[in-house]
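Structural features, examined
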Amino acid sequence: GDSVTQTEGLVTLTKGLPVMLNCTYQTTYSPFLFWYVQHLNEAPKLLLKSSTDNKRTEHQGFYATLHKSSSSFHLQKSSVQLSDSALYFCALRRGSALGRLHFGAGTQLIVIP
Amino acid sequence: GGIITQTPKFLIGQEGQKLTLKCQQNFNHDTMYWYRQDSGKGLRLIYYSITENDLQKGDLSEGYDASREKKSSFSLTVTSAQKNEMAVFLCASSRQGTNTEVFFGKGTRLTVV
């Protein structure tokens, strides 16, 4: 079945440093990948999405590239800010199904001064 | 824009009790979802509905019932609350399509005593 793996449960970084949150997926269908961000006591919100192989997509300083050859969609930012502290979810939707998103376990990012 | 409203925000129940969570959306979206969020386990799909009166089981449907009364509302029933159960239940909605954004409510936090 379809699945998403996020290897880091918790990432703690000092403000200004770069970050990469890992996301790999498994599906036999054409994949659509998403990154959602959830701040404390807030609803998850879409950060990035992509279905195009090897094309970088960016939003709010974050960027990710879908690599179908390695089944990866890692989230990166060159310089984290205190406001980036949040829970980040990678999600997969296969091209042939209606609606369903499969989420990874999530990565908690904590940015310290 | 639109909004997803979940009621109640906090729900305390007793073991064995039947509990109902409600969700309303004004996006005019066809598809609605119920996800359960547990710490360290990501978001797991309980039920979803691609149109009014439709119901599809997710990965975690045992112990739950759902009802799509009309296009804008989707309710979830915990059929028999389990003691010491604590989780956040997230309602979401989206247009149909593989690349469409899923919008989430802020959640109902359930505690069973």
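Residues numbered from 1 in each chain as written. Chains lettered and ligands numbered in written order. Predicted model: local features only at pLDDT ≥ 70, side-chain atom pairs only at ≥ 80, totals over all residues. Heavy atoms only, no water.

1. A look at the overall build of chain A
A count of helical and extended segments in chain A gives zero helices and twelve strands. Listed by position from the N terminus, the elements making up chain A come as β-β-β-β-β-β-β-β-β-β-β-β. A globule of 113 residues ought to have a C-alpha radius of gyration of about 13 Å, and chain A, at 14 Å, matches this closely. Overall, chain A is about 45 × 30 × 20 Å in size when its C-alpha atoms are taken along their principal axes. Out of the 113 residues in chain A, the part that is buried amounts to 50%. Pairs at least 24 apart in sequence give 55% of the contacts found in chain A among residues at least 6 apart. Accessible surface computed for chain A: about 5,300 Å², of which carbon and sulfur atoms make up 51%. In chain A, 10 side chains carry a positive charge and 6 a negative one; their mean positions are 5 Å apart. (Helix = DSSP H or I, 4+ residues; strand = E, 2+ residues; numbered from the N terminus. Rg over C-alpha atoms; globule rule 2.2 N^0.38 Å. Buried < 20%, exposed > 50% of the residue type's maximum accessible area, 1.4 Å probe, protein only. Contact = heavy atoms within 4.5 Å. Areas by Shrake-Rupley, 256 points an atom, 1.4 Å probe, with all protein chains shown as cover. Lys, Arg positive; Asp, Glu negative; His and termini not counted. Charge placed at Lys NZ, Arg CZ, Asp CG, Glu CD.)

2. Some words on the interface of chain B and chain A
Listed by partner, the interface residues are 25 residues for chain B and 24 residues for chain A. Here chain B packs against chain A, burying approximately 2,000 Å² in sum over the two surfaces, 53% of which is carbon and sulfur. At the boundary of chain B and chain A, one finds two salt bridges. With a closest N to O distance of 2.7 Å, Arg-100 of chain A and Asp-59 of chain B form a salt bridge. (Buried area = accessible area lost by both parts, 1.4 Å probe. Salt bridge = Lys/Arg side-chain N within 4 Å of Asp/Glu carboxyl O.)

3. As for the nonpolar core
Ranked by size, the top nonpolar core spans 24 residues in total, and within it Leu-33, Trp-35, Leu-47, Leu-75 and Tyr-88 of chain A carry the most contacts. Element by element, the count of residues in this core is highest for strand β10 (residues 86-94) of chain A, at four residues. Phe-34 of chain A together with Tyr-35, Val-88 and Ala-92 of chain B belong to the second-largest nonpolar core, a separate cluster that totals 21 residues. (Core = buried A, V, L, I, M, F, W, Y, C linked by side-chain atoms within 4.5 Å.)

4. Observations concerning the state of the cysteines
Residues and elements named next belong to chain A. Within this structure, the stated rule accounts for two disulfides over all chains. Each sulfur of the disulfide joining Cys-23 and Cys-90 lies 1.9 Å from the other. An S-S torsion of about -60 degrees defines the bridge between Cys-23 and Cys-90 as left-handed. In this pair, Cys-23 is assigned in the loop between β3 (19-21) and β4 (24-26) and Cys-90 in strand β10, connecting sequence segments 67 residues apart. Its relative accessible area of 0% is what places Cys-90 among the buried residues. (Disulfide = S-S within 2.5 Å.)

5. What to know about the pairing of strand β6 (residues 45-50) of chain A
Residue and element names in this part refer to chain A. Bridge count for strand β5 (residues 31-38) against β6 is five bridges, and the pairing is antiparallel. Bridging from a neighbouring strand, Phe-34 pairs with Lys-49 of β6. Hairpin remark: β5 followed by β6, antiparallel, with six residues in the connecting loop; positive phi at Asn-41, about 60 degrees. (Pairing = 2+ DSSP bridges.)

6. A word on the sheet that holds strand β7 (residues 64-70) of chain B
All names here are of chain B. With respect to topology, four strands assemble into an open sheet ordered β1-β3-β8-β7, the strand pairing being antiparallel. If you trace the sheet from one side to the other, it starts and ends with β1 (4-7) and β7, each paired once. The sheet shows a mean angle of 15 degrees between the axes of neighbouring strands, direction not considered. The sheet contact formed by β1 and strand β3 (residues 19-25) spans four bridges and is antiparallel. Of the residues in β3, the one forming a bridge with Gln-6 is Cys-23. (Axes fitted to C-alpha atoms, helices over the stretch in contact; angles between N-to-C directions.)

7. Section: the pairing of β10 of chain A
Residues and elements named next belong to chain A. In terms of burial, β10 is a largely internal element, eight of the nine residues being buried. Of the strand pairs in this sheet, β5 and β10 are connected by eight bridges, and their pairing is antiparallel. In the strand pairing of β10, Tyr-36 is matched with Phe-89. Inspection of the sheet shows β10 paired to strand β12 (residues 107-112) by three bridges, in the antiparallel sense. Opposite Tyr-88, over in β12, you have Thr-107 as the bridge partner.

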